[in-house]
Amino acid sequence: MRPKVLKLLSDRNLGGVNKTMEGLINSPLGEKFEFVTANVSEAQTALRSLKPDIAIFHDPCNWQNLISLWKIARQTRLIIHDHHYSKGFEDYNVPSKSRFRLMLQLTYGTAHRVVAVSHAQGQWMREYNLVKAKNLSVIQQSPPIAKFLELAPKPCDRPLVLGSYGRFSQQKGFDLLLRAMQRVPSNQVQLLLGGYGSDETMLKQIAQGLGNIKFLGTIRDVPAFLSQCDVVVIPSRWEPWGNVCLEAKAAGKPVIVTAADGLVEQIEACGLVVPVEDPEALAKAIIQVASLSDTTLANWGQSGRRAVSSAGSKYVEAWESILWEVLAT
């Protein structure tokens, strides 16, 4: 009989989290474990009816769900998979860091295991003693990327086609990218910007007068979108991991990213890293990339693709190892 794993998630609009969860469930791991998904508000009902061997909590931890986590941990083995918090998040969103860290210490303390999505996130947890070292694991996140790996190489266009996509929110930093584009000669690059969200009106106001920027709305087919791009830009203010970077690399695209949390560890011989919150530095990086030869850009793309070619299988293997370890406790 397969061990039963209950995955708890309230917000089904978290695209990166959902893609990663679905990939795990539909992987070979689904033949070894029975995965069931429920809303956090339904946790107690699900625990009573399903009697799972493990519960994985995917929501952001907060004071309100501390008691719920404690109750879950009394009934089954609890894993907290933190996709949400990081040093960058804390810098931008937390006025009282001591209170925030106390909350994390208490909530993480309910779990049999805490899983960080990047080494940067894990290092932040260790630095502030948010979780006991023996209870912390790092698994670099990987949604399904097979369709990205299948994309054929694309000869570079001139002007260079930049691609960027995600939620139009403060976190993703698209306002910084558009302010950088104001500093880049319009004949060097064009930008395809995909996404939706509360910042859309503000972003379109910043882009007024820039004829080399095209808003595409929600991207339904990300591989098809990336097939049109020469370079992918990720201007985030904070990013515990950054699935977009992984997808871009799998698609064979050079990347320009900000030095935000988990993005930095994804860049090696496949692009450029610029400081967070610095449109001028981002503009200089875009101009630099636009001046590179097609050969150099192709080499960066190939290097990035090689680096992530086995990311999916490693992700599944790491989760299988942790699930069996936790079951043995």
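Structural data are supplied above this passage.
Throughout what follows, the structure given in this document is the object of discussion.

Definitions and limits used
Residues numbered from 1 in each chain as written. Predicted model: local features only at pLDDT ≥ 70, side-chain atom pairs only at ≥ 80, totals over all residues. Heavy atoms only, no water. Pairing = 2+ DSSP bridges. Helix = DSSP H or I, 4+ residues; strand = E, 2+ residues; numbered from the N terminus. Axes fitted to C-alpha atoms, helices over the stretch in contact; angles between N-to-C directions. Salt bridge = Lys/Arg side-chain N within 4 Å of Asp/Glu carboxyl O. Buried < 20%, exposed > 50% of the residue type's maximum accessible area, 1.4 Å probe, protein only. Contact = heavy atoms within 4.5 Å.

Moving on, we come to the sheet that holds strand E11 (residues 255-258). The six strands lie next to each other as E9-E8-E7-E10-E11-E12, forming an open sheet whose pairing is parallel. Only two strands of the sheet have a single neighbouring strand rather than two, namely strand E9 (213-217) and strand E12 (271-274). For this sheet the average axis-to-axis angle between neighbouring strands, irrespective of direction, equals 20 degrees. Sheet topology note: the strand E10 (residues 231-234)/E11 ladder contains three bridges and is parallel. When the sheet's bridge partners are listed, Val 232 is paired in E11 with Val 255.

Going through the model one piece at a time under the given rule, you end up with twelve salt bridges. A salt bridge links Lys 154 to Asp 230, with the shortest nitrogen-to-oxygen separation between them at 2.5 Å. Taken together, the residues span a long stretch of sequence, with Lys 154 in the loop between helix H7 (146-149) and strand E7 (160-167) and Asp 230 in the loop between helix H10 (222-227) and E10 at a distance of 76 residues. Residue Asp 230 is classed as buried on the basis of its relative accessible area, which comes to 4%.

On the basis of which strands lie adjacent, the open sheet formed by six strands has the order E2-E1-E3-E4-E5-E6 and parallel pairing. At either end of the open sheet lies a strand with only one pairing partner, and these are strand E2 (34-38) and strand E6 (136-138). Each neighbouring strand pair of the sheet contributes to a mean axis angle of 25 degrees, computed without reference to strand direction. Two elements, strand E4 (residues 77-82) and strand E5 (residues 113-116), share four bridges in a ladder whose sense is parallel. Bridging across to E5, Asp 82 finds its partner in Ala 116. Strands strand E1 (4-8) and E2 of the sheet are contacted by helix H2 (residues 43-50), whose axis makes an angle of about 170 degrees with E1. Relative to the sheet, helix H6 (residues 119-127) contacts E4, E5 and E6, its axis offset from that of E6 by approximately 160 degrees.

Everything listed here is a matter of coordinates, which is why it stays silent on function.
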